[in-house]
Amino acid sequence: MSGAARDVIVVGAGIVGASCAEACARAGLHVLVLDAAGAGGGATAAGMGHLVVMDDSEAQFALTRYSQQLWQQAAPTLPRAVEYTASGTIWVAADAEEMEEVERKHAYYGARGVASGILSAAELAAKEPHLRAGLAGGLLVPGDAVIYPPCGAEYLLERARAQGAEVRLHTAVAAIGGGVARLADGSEWRAATIVNAAGAWAPRLTPGLAIRWRKGHLLITDRYPNWVRHQLVELGYLKSAHGVSNESVAFNAQPRATGQILIGSSRQFEAEHSAVEHHMLTRMLRRAEEYMPGLAGLSALRAWTGFRAATPDSLPLIGRWAGDPTILVAAGHEGLGITTSLGTGQLVADLITAASSAIPAAPYDPNRSYEHATHH
Ligand SMILES: Cc1cc2nc3c(=O)[nH]c(=O)nc-3n(C[C@H](O)[C@H](O)[C@H](O)COP(=O)(O)OP(=O)(O)OC[C@H]3O[C@@H](n4cnc5c(N)ncnc54)[C@H](O)[C@@H]3O)c2cc1C
């Protein structure tokens, strides 16, 4: 046995685990964080860093909105390295059908206190001059933002440390259960609660978690300051990202604080190798060029892939595991874990300390049934 029992062991120092550790330490709990690699090196290092309010379901809205507000509150104190930039999102509508979606989204957000503004075709062109002519318009959501996720995770971990948490990196956990985290060398760490924040690898520690890997590609360009000014997302994204097909791409472009442009993205099930796949990269870039033809003339620096931890209903798994109540799951955040990390960490700390939380945790119960859901 290694040392005295802690209140909480967090397995995983991605942005979700780091946030859980920070919120638990802030609540006065004695926390140990264990990660097989470095901080923020899993999906967190691969992600796009778009902090976005989403409305696929009320539960998704609740967690993304709550988290967005926590990011907004934290923004003034975030170090420069986190690159919090209030760039806002523009949902780009290509045609009249997508303009209907703009109107629906505008009404949905408005009814729930999220500011947004409908852009005509001319207003869209003025805000983003490199978009092609002939688009129908868009929806500007000014409260959305962008961060640099690995530094976000490191910052949260540093905040956890400053509040007493102990962090052990390059320490792989072989098994968890019964209040014990066992390492490969047989050593054991004990805690009242073990938070499984191992992202896409969470089911290896807690078999039975409803997580599938969903691969994504991204590409970053050289520096072209102001070439893209907002996080741009096509509304056709709704048709492709939520389709049932195994492979899809959607136009997504993000201005980085460095002046670089991050271009996404693809979604693939049943592709559990990390290699960049040329057919997917080509499809993704063709889609991006359909929206911004000038992208074809810019220099690309690097492309990479990452794995989203997808659940059947696209909601994360946050809560005690019925099979072993010493395990509290905080995984399955698919394409929204950078955004929802802060809300997740706070919910986890509230569950452990039995504090009332700002939003109900029940929709994210990891033991829920998925009768009416398919991975989408
Ligand atoms: C291409 C792409 C684009 C994305 N874009 C966005 C976006 O714009 N906005 C957004 O909100 N989200 C986005 N996401 C999603 C986001 O990146 C993830 O949801 C988020 O990073 C998940 O964080 P995590 O901490 O749960 O997992 P991870 O970052 O994967 O961290 C898990 C950690 O657990 C550790 N671990 C695993 N097994 C063990 C073990 N046995 N012992 C010890 N440690 C272990 C790993 O080393 C790792 O550090 C994107 C994802 C991808 C792939």
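Calculation notes
Residues numbered from 1 in each chain as written. Predicted model: local features only at pLDDT ≥ 70, side-chain atom pairs only at ≥ 80, totals over all residues. Heavy atoms only, no water. Helix = DSSP H or I, 4+ residues; strand = E, 2+ residues; numbered from the N terminus. Rg over C-alpha atoms; globule rule 2.2 N^0.38 Å. Buried < 20%, exposed > 50% of the residue type's maximum accessible area, 1.4 Å probe, protein only. Near = heavy atom within 4 Å. Polar contact = N/O pair within 3.5 Å; in protein donor to acceptor, adjacent residues only side chain to side chain. Nonpolar A, V, L, I, M, F, W, Y, C, P; charged D, E, K, R; others polar. Pairing = 2+ DSSP bridges. Axes fitted to C-alpha atoms, helices over the stretch in contact; angles between N-to-C directions. Contact = heavy atoms within 4.5 Å. Salt bridge = Lys/Arg side-chain N within 4 Å of Asp/Glu carboxyl O.

**Some thoughts on the overall build of the protein chain**
Consideration 1: Secondary structure summary: the protein chain contains 10 helices and 18 strands in total.
Consideration 2: Rg of the C-alpha trace for the protein chain: 20 Å, near the compact-globule value of 21 Å for 376 residues, within the 12% margin.
Consideration 3: Structurally, the protein chain occupies a C-alpha span of about 65 × 45 × 40 Å along its principal axes.
Consideration 4: The 376 residues of the protein chain split such that 57% are buried.

**Things to note about the site of the ligand**
Consideration 1: As a matter of local geometry, the ligand sits amid 36 residues, with Asp-35, Ala-43, Thr-44, Glu-334 and Thr-339 nearest to it.
Consideration 2: With respect to the ligand, the side chain of Asp-35 contributes an N or O atom lying 2.6 Å from an oxygen atom.
Consideration 3: Those elements that provide at least two residues to the shell around the ligand are helix H1 (15–26), helix H2 (43–46), strand E12 (212–223), strand E16 (300–310) and helix H10 (337–353).
Consideration 4: Along the lines of polarity and charge, the residues of the shell around the ligand split into 17 nonpolar, 16 polar and three charged.

**Section: the sheet that holds E16**
Consideration 1: What the eight strands build is an open sheet, ordered E5-E6-E4-E13-E14-E15-E12-E16; its pairing is mixed. The strands lining the two open edges of the sheet, one partner per strand, are strand E5 (117–119) and E16. The mean inter-strand angle of the sheet, taken between neighbouring strand axes irrespective of direction, is 25°.
Consideration 2: The strands touched by helix H4 (residues 96–111) within the sheet are strand E4 (89–93), E5 and strand E6 (137–141), with E6 carrying the most contacts at an inclination of about 20°.
Consideration 3: In the packing of helix H9 (residues 278–291) onto the sheet, the strands contacted are E4, E12, strand E13 (231–234), strand E14 (247–255), strand E15 (260–268) and E16, and the crossing angle to E14 comes to about 55°.

**A word on the side chain of Gln-60**
Consideration 1: Considering the arrangement of structural elements, one finds Gln-60 in helix H3 (residues 58–74).
Consideration 2: Setting aside residues up to four positions removed in sequence, Gln-60 forms contacts with Met-54, Asp-55, Ser-314, Leu-315 and Leu-336.

**Quick look at the environment of Ala-121**
Consideration 1: Structurally, Ala-121 is set in helix H5 (residues 121–127).
Consideration 2: As for Ala-121 and Ala-94, which are separated by 27 residues in sequence, their C-alpha atoms are 9.5 Å apart.
Consideration 3: Once you skip the residues sitting within four places of it in the chain, Ala-121 turns out to touch Leu-135, Ala-136 and Gly-137.

**Quick word on the pattern of salt bridges**
Consideration 1: Applying the stated rule across the entire model yields 17 salt bridges.
Consideration 2: One salt bridge in this structure joins Glu-58 and Arg-112, with 2.6 Å as the shortest N-O distance. Of this pair, Glu-58 sits in helix H3 while Arg-112 sits in the loop between H4 and E5, placing them 54 residues apart in sequence.
Consideration 3: For Glu-234, the salt bridge is made with Arg-287, and the minimal N-O distance between the two is 2.7 Å. Residue Glu-234 is located in strand E13, and its partner Arg-287 is located in helix H9; the two are separated by 53 residues in the primary sequence.
Consideration 4: By relative accessible area, Glu-234 is classed as buried at 0%.
Consideration 5: Sharing partners across several salt bridges, the network here consists of Asp-55, Glu-101, Arg-104 and Lys-105.

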